[in-house]
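Take a look at the letters that make up each chain.
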Number of protein chains: 2
Amino acid sequence: MSSDGPGAGPGKRPGIADVARASRVSIATVSRVLNGSGQVSDRRRATVLRAVAELGYRPNEAARVLVSGRSRIVGLLAADTRRTGHHATIRGVQEAAGERGLIVAVSVVRTEDPADVAAAVELLLGQPLAGVVGVEFDDSVTAALELLPASMPAASARRIGARVSPVPHAHIDDEVAARLVTEHLLDLGHDTVHHLSVGPPPEEGRGRTAGWRRALEARGRRVPEPLPVTWDPTSSLRAARDDLPDDATALLCFNDETALGALRGLAEAGRRVPEDVSVAGFDDDPVSRLLHPSLTSVRMDWHALGRLALEQLVARIEERPAPDDVALPAVLVPRESSAPPRA
Amino acid sequence: MSSDGPGAGPGKRPGIADVARASRVSIATVSRVLNGSGQVSDRRRATVLRAVAELGYRPNEAARVLVSGRSRIVGLLAADTRRTGHHATIRGVQEAAGERGLIVAVSVVRTEDPADVAAAVELLLGQPLAGVVGVEFDDSVTAALELLPASMPAASARRIGARVSPVPHAHIDDEVAARLVTEHLLDLGHDTVHHLSVGPPPEEGRGRTAGWRRALEARGRRVPEPLPVTWDPTSSLRAARDDLPDDATALLCFNDETALGALRGLAEAGRRVPEDVSVAGFDDDPVSRLLHPSLTSVRMDWHALGRLALEQLVARIEERPAPDDVALPAVLVPRESSAPPRA
DNA sequence: CTGAAAGCGCTTACAG
DNA sequence: CTGAAAGCGCTTACAG
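Keep in mind the model is a prediction, meaning the values are calculated, not measured.

**Q** Can you help me understand the domain arrangement of chain A in this one?
**A** Many authors give the size of an interface as the accessible area that is lost as the parts come together. Domain boundaries assigned for chain A yield domain 1 (16-59), domain 2 (73-173 + 302-328) and domain 3 (174-300). For domain 1 of chain A and domain 2 of chain A, the distance between their C-alpha centroids amounts to 36 Å.

**Q** Looking at this structure, how should I read the sheet that holds strand S7 (residues 227-229) of chain A?
**A** What holds strands together in a sheet is hydrogen bonding between their backbones, with the strands either parallel or antiparallel. All names here are of chain A. What the four strands build is an open sheet, ordered S7-S6-S8-S9; its pairing is parallel. Lying at the two open borders of the sheet, with one neighbouring strand each, are S7 and strand S9 (278-280). Strand-to-strand, the axes of this sheet are offset by a mean angle of 20 degrees, without reference to chain direction. Judged from the three bridges that link them, strand S6 (residues 194-198) and S7 form a sheet pairing that is parallel. Within the sheet, the bridge partner assigned to Leu196 lies in S7 and is Leu227. The sheet strands contacting helix H8 (residues 174-187) are strand S8 (250-252) and S9, and the helix crosses S8 at an angle near 170 degrees. Sheet strands in contact with helix H11 (residues 256-268) are S6, S7, S8 and S9, and its direction is about 160 degrees off that of S9.

**Q** Please clarify how the sheet that holds strand S9 (residues 278-280) of chain B should be interpreted in this entry.
**A** Residues and elements named next belong to chain B. Across the sheet, which stays open at both edges, the four strands sit in the order S7-S6-S8-S9 with parallel pairing between neighbours. Strand pairing shows two members of the sheet lacking a second neighbour, strand S7 (227-229) and S9, which therefore form its edges. With direction set aside, neighbouring strand axes in the sheet form an average angle of 20 degrees. One ladder, built from three bridges, connects strand S8 (residues 250-252) with S9; its direction is parallel. Bridged to Leu251 within S9 is Val279. Taken strand by strand, helix H8 (residues 174-187) contacts S8 and S9, and its axis lies near 170 degrees from that of S8. Running over the sheet, helix H11 (residues 256-268) touches strand S6 (194-198), S7, S8 and S9 and is turned about 160 degrees from S9.

**Q** How should the interface of chain B and chain A be read in this particular structure?
**A** Contacts between chain B and chain A engage 49 residues on the former and 49 residues on the latter. Counting each side, the surface lost to burial between chain B and chain A is near 4,100 Å², with a carbon and sulfur contribution of 60%. It is Ile103, Arg264 and Leu290 of chain B in chain B that bury the most area against chain A; as a group they hold 17% of the surface buried on that side. The interface formed by chain B and chain A holds eight salt bridges in total. The salt bridge partner of Asp232 of chain B is Arg289 of chain A, with a shortest N-O separation of 3.9 Å. For the interface between chain B and chain A, the tally reads 16 residue pairs in polar contact (both at pLDDT 80 or more). Of all elements in the fold, only helix H4 (61-68), helix H5 (84-99), strand S2 (103-108), helix H6 (114-125), helix H10 (233-243) and H11 of chain B reach the threshold of two or more residues within the side of chain B that touches chain A. Residues of the side of chain B that touches chain A, tallied by class, amount to 24 nonpolar, twelve polar and 13 charged. Relative to S2 of chain B, strand S2 (residues 103-108) of chain A runs antiparallel, the two being bridged by three bridges. By the bridge assignment, Val104 of chain A is partnered in S2 of chain B with Val106 of chain B.

**Q** Looking at this model, I keep getting lost on the layout of surface pockets. Mind explaining?
**A** Approximately 590 Å³ is the volume found for the second largest pocket. Ala267, His292 and Pro293 of chain A together with His292 and Pro293 of chain B are the residues nearest the centre of the second largest pocket, which is lined by 25 residues in total. For the lining of the second largest pocket, the secondary-structure elements that each account for two or more residues are H11 of chain A together with H11 of chain B. With five residues, the top contributor of residues to the lining of the second largest pocket is H11 of chain B.

**Q** Would you take a moment to explain the nonpolar core for this structure?
**A** Nonpolar side chains tend toward joint burial in soluble globular proteins. Grouped together as the largest cluster of nonpolar side chains are 48 residues, with contacts concentrated most on Leu196 and Val279 of chain A together with Leu196, Leu251 and Val279 of chain B. Elements supplying a minimum of two residues to this core: S6, S7, helix H10 (233-243) and H11 of chain A together with S6, S7, H10 and H11 of chain B. Every residue in contact with Leu196 of chain A, bar those within four places of it in the chain, is listed here: Leu227, Val229, Ser236, Ala239, Leu251, Leu252, Cys253, Phe254, Thr258 and Ala262 of chain A.

**Q** How should I be thinking about the relation of the copies chain B and chain A in this particular structure?
**A** One copy of the chain maps onto the second through a rotation around an axis plus a translation along that axis. Superposition of chain B onto chain A requires a rotation of 180 degrees combined with a translation of 0.0 Å along the rotation axis, giving an RMSD of 0.0 Å. Within this description, the copies of the chain are treated as partners about a two-fold rotation axis. Residue by residue, 100% of the interface of chain B is reproduced at the interface of chain A, so both copies engage with the same surface.

**Q** When you look at the protein's contact with DNA strand C in this model, what are you seeing that I'm missing?
**A** Not every one of the 27 residues close to DNA strand C is listed here, only the nearest: Ser31 and Arg70 of chain A together with Arg32, Gln39 and Arg44 of chain B. A share of 69% of the atoms of DNA strand C within 4 Å of the protein falls on sugar and phosphate groups. Here a phosphate oxygen of DNA strand C and a side-chain polar atom of Ser31 of chain A are 2.5 Å apart. Here a phosphate oxygen of DNA strand C and a side-chain polar atom of Tyr57 of chain A are 3.0 Å apart. Elements with a minimum of two residues in the surface near DNA strand C: helix H2 (27-35) and helix H4 (61-68) of chain A together with helix H2 (27-35) and H4 of chain B. Looking at the surface near DNA strand C residue by residue, the classes come out as 13 nonpolar, eight polar and six charged.

**Q** When you look at the pattern of salt bridges in this model, what are you seeing that I'm missing?
**A** Once the charged atoms of two side chains with opposite charge are near each other, the side chains can pair. All names here are of chain A. Counted according to the given criterion, the structure contains 56 salt bridges over all chains. The salt bridge involving Glu257 is made with Arg83; its shortest N-O contact spans 2.9 Å. Highlighted residues: Glu257 in helix H11 and Arg83 in the loop between strand S1 (73-78) and helix H5 (84-99), separated in sequence by 174 residues. Arg83 carries the same exposure label as Glu257, and that label is buried. The salt bridge partner of Glu175 is Arg179, with a shortest N-O separation of 3.3 Å. Pair noted here: Glu175 and Arg179 are both in helix H8, with a separation of four residues, about one helical turn. Using a relative accessible area of 13% as the deciding quantity, one classes Glu175 as buried. Residue Arg179 is classed as partly exposed on the basis of its relative accessible area, which comes to 32%.

**Q** Where do I start with H10 of chain B in this structure?
**A** Side chains of residues three or four places apart in an α-helix project in the same direction, reflecting 3.6 residues per turn. Residues and elements named next belong to chain B. Among the residues of H10, those classed as buried are Pro233, Thr234, Ser235, Ser236, Leu237, Ala239 and Ala240. Looking at the buried side of H10, the elements it contacts are S6, S7, S8 and H11. Capping the start of H10 is the job of one residue whose side-chain oxygen sits 2.9 Å from the backbone nitrogen of Thr234: Asp232.

Calculation criteria
- Residues numbered from 1 in each chain as written.
- Chains lettered and ligands numbered in written order.
- Predicted model: local features only at pLDDT ≥ 70, side-chain atom pairs only at ≥ 80, totals over all residues.
- Heavy atoms only, no water.
- Domains from an automatic or database assignment.
- Pairing = 2+ DSSP bridges.
- Helix = DSSP H or I, 4+ residues; strand = E, 2+ residues; numbered from the N terminus.
- Axes fitted to C-alpha atoms, helices over the stretch in contact; angles between N-to-C directions.
- Contact = heavy atoms within 4.5 Å.
- Buried area = accessible area lost by both parts, 1.4 Å probe.
- Salt bridge = Lys/Arg side-chain N within 4 Å of Asp/Glu carboxyl O.
- Polar contact = N/O pair within 3.5 Å; in protein donor to acceptor, adjacent residues only side chain to side chain.
- Nonpolar A, V, L, I, M, F, W, Y, C, P; charged D, E, K, R; others polar.
- 1 Å grid on protein atoms, 1.4 Å probe; cavity = no way out; pocket = protein on both sides within 12 Å on 5 of 7 lines; lining within 4 Å.
- Points joined across faces, edges and corners; volume = space filled by probe spheres on them.
- Core = buried A, V, L, I, M, F, W, Y, C linked by side-chain atoms within 4.5 Å.
- Buried < 20%, exposed > 50% of the residue type's maximum accessible area, 1.4 Å probe, protein only.
- Least-squares fit on C-alpha atoms with pLDDT ≥ 70 in both.
- Near = heavy atom within 4 Å.

Below, the structure is given as C-alpha cells:
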C-alpha cells in the first residue's frame, strides 16, 4: 500500500529503526537523543528530533522497561480515596508524579482482611513498578506495605507518631494542629474541651489526641475521657447525642466528617451550636464553610504531604539520601461553630 | 554466593528459564501453563506450578507486553476525583478492572486548557495501555478522549444526552432521576419546583434539567427559568440567597454539594428549610443524611456506571460487540429537607 | 502435548 | 561523538 520501505507500513506504528533510517543515523544515536544520555552533535540531534516529530514516533515503553529495568509506574496503596485527608494526599502524589513523568496506578486496600491486603499488593506487583507509595493512615496499608519485597522501593505518607511500616516517609503533624484548635477553644473561655477520637485506645497517646491532651495539660485543665468513634460519621452522631456529658461546652472532633455527625447528634439532643456547645473539626473540608453553622476547623496540607511522600520515594529510587521531613504548617480556621460559652 | 547454577544467583529474581530448568520442561511449556494457552498435560502442569511457587516466580510484565502487545494497564481520564459522581464512578472502574487483573492508571485533566488536556493524555500514552476509560462528565474529558489515536480502544462513562465523544459508553439516566424528585416535590403539594442547573445554557435540554422540565410540563405546571450555577457550591449559595424568587417553595439542586450551598444561602436569606422552601439534592452523598435538616436526594448508581464503562472497554478490546447499555435505577431518598408547603 | 528458535523494540557496554 | 551487536525475558508460530 505504501512505498515507505520495510517496517514502515501504514498500519504499523513507527519504531526506533524507522527514525534511525529517516534521519540516517544509527539506532543507538536515536536512543541517545531521546534519553539525553551520551553526547550527540547538535546537527544530528536536530535531524533526529525532526524525524521523530514527522513520524509521530513514541518509544515503546515495554521495550524500554524490559531492557533498562526502569519503570515509570508508581503504585499507590490506599485504604480510602474519598475522605479529604486521603483524597488530597493522593492528589498530591499524582501531581508530583505527573511532573516527573511518572504515572500513578492506584490499588485500593478494601478491608483489613489479609486476603484483601494481599490482593491489593498482588495487583500492583503484576506490573513493572518504579516503586510504591502508601497512604499510611490505616493499619491495612501498613500491612500491605509490609508485604512488598524488600527490593521494592517504597515510601509512605503518614500522620505523626503513628505505628507504622519501616519505609521512608513524609508526615503531617496533626498534633500541633490539634493544639491550635484546642487552644482556640480555651481562648474563647471554655473550661475544657471534649474530644471525639478515631483509632484504637493507644491512639490516644499520639497525633491529634495527644495534641488536644497536651494543650489542656499545659493550661492545667481537666482532661475528659476521649469518646471513641470510627471513621463513619454515624458513630460520631451517636457519641455526640448520647455520650457527651451535659456539662461539656466544647467539642473537638477527629475530622470534619466526624464533626458533621456530631453537629447532627447535638441537634438531635436539643443542644445548640455554638450557643450550648462549640464544635471544631479537622482538615477544613471544602464543604465545611458552607455548613450552617459553618464549621471551625484547622487546615492541614495533605496535598503537600502527598507531594513529599512521592519525593521520598524518588529519592529512594535514585538512591539519594532521604530529603528532610519538612514540617507542614497547620492553619486555624475559626468559623461560626465555635464561640464563647454562655456566661 | 549460591550454587543454584547460572542465572539463579541470590540477588536476581527468577526468570521463566529458571522455572523451566527446575521443572525439566521447555520454556514454551512454562509459558503455556502460566497463560492457560495451548494444551499441557496435567502432570507437567502440576510440576511447573510447583516450581513457580517454590521459586516465587512472577512473570516479567514488560517482556510479556513487548512480545504480546497486550498490556494490563487501563488509563483513566477524569476532570475531578473527589465529588460523589466522579469518585464513585472511578471506584467502579477500579473495582471491575481489579477483578479482571487490570490496573487503573489515573490521569487528571486539570482544566479545559488545551495544554492541560494534552498533558493528561500524553502522560497516559507514555505507557503501554490496554485501553482508556473516560469519566466524561466534563467537556475537558471529551476533548481528551478526542486526542487519543484511533487505534486506542476507549470507552466512557457519561450522563444521558450529553454532547460527547464517539467512543462506546455506558450512561446513567439522570433524567428519570430528576423526574422522580420533581414529582416527589409536586406530590408534596408544591405548585412548581425551581431548579439550580450546572452547565452551559443548552444543557437545559438534557439530563436532570430535562427531567425536571418534563415532570413539570407533564403536570401542566409553570416552568420557572433555571438558575445557572457552577460545580462550586459557593455559586449555589449565592443563587439561592440572592436570585431565588420570593414565591419559590421548592428547589431542585444539581447535586448534593450544590444543595449544601443552597441550604446555606437560604439560611442567610432568612428562609427556613423545609418550612419556607423545600430543597432536594442529587446523588445522595454519604454525608447528606447527616445534614441538619437531612437532605432529600436521589441515589444514582455511579458505581455501577463505572463498572459498565469498564465492561464496554473490555468488549472493545476483545473486539466483542458492545454489551447492552443497561438502565441504572435511581432511588428517591426523601428526608427532612422536603415537606409540604405552608398552607 | 512438547520443544527449539525467532523475534518483540529498545538500551547499553564496547570499540573506535 | 558514533555505530554494530548483544541481550533484556518473554510469547508464539512452526515442526514434530
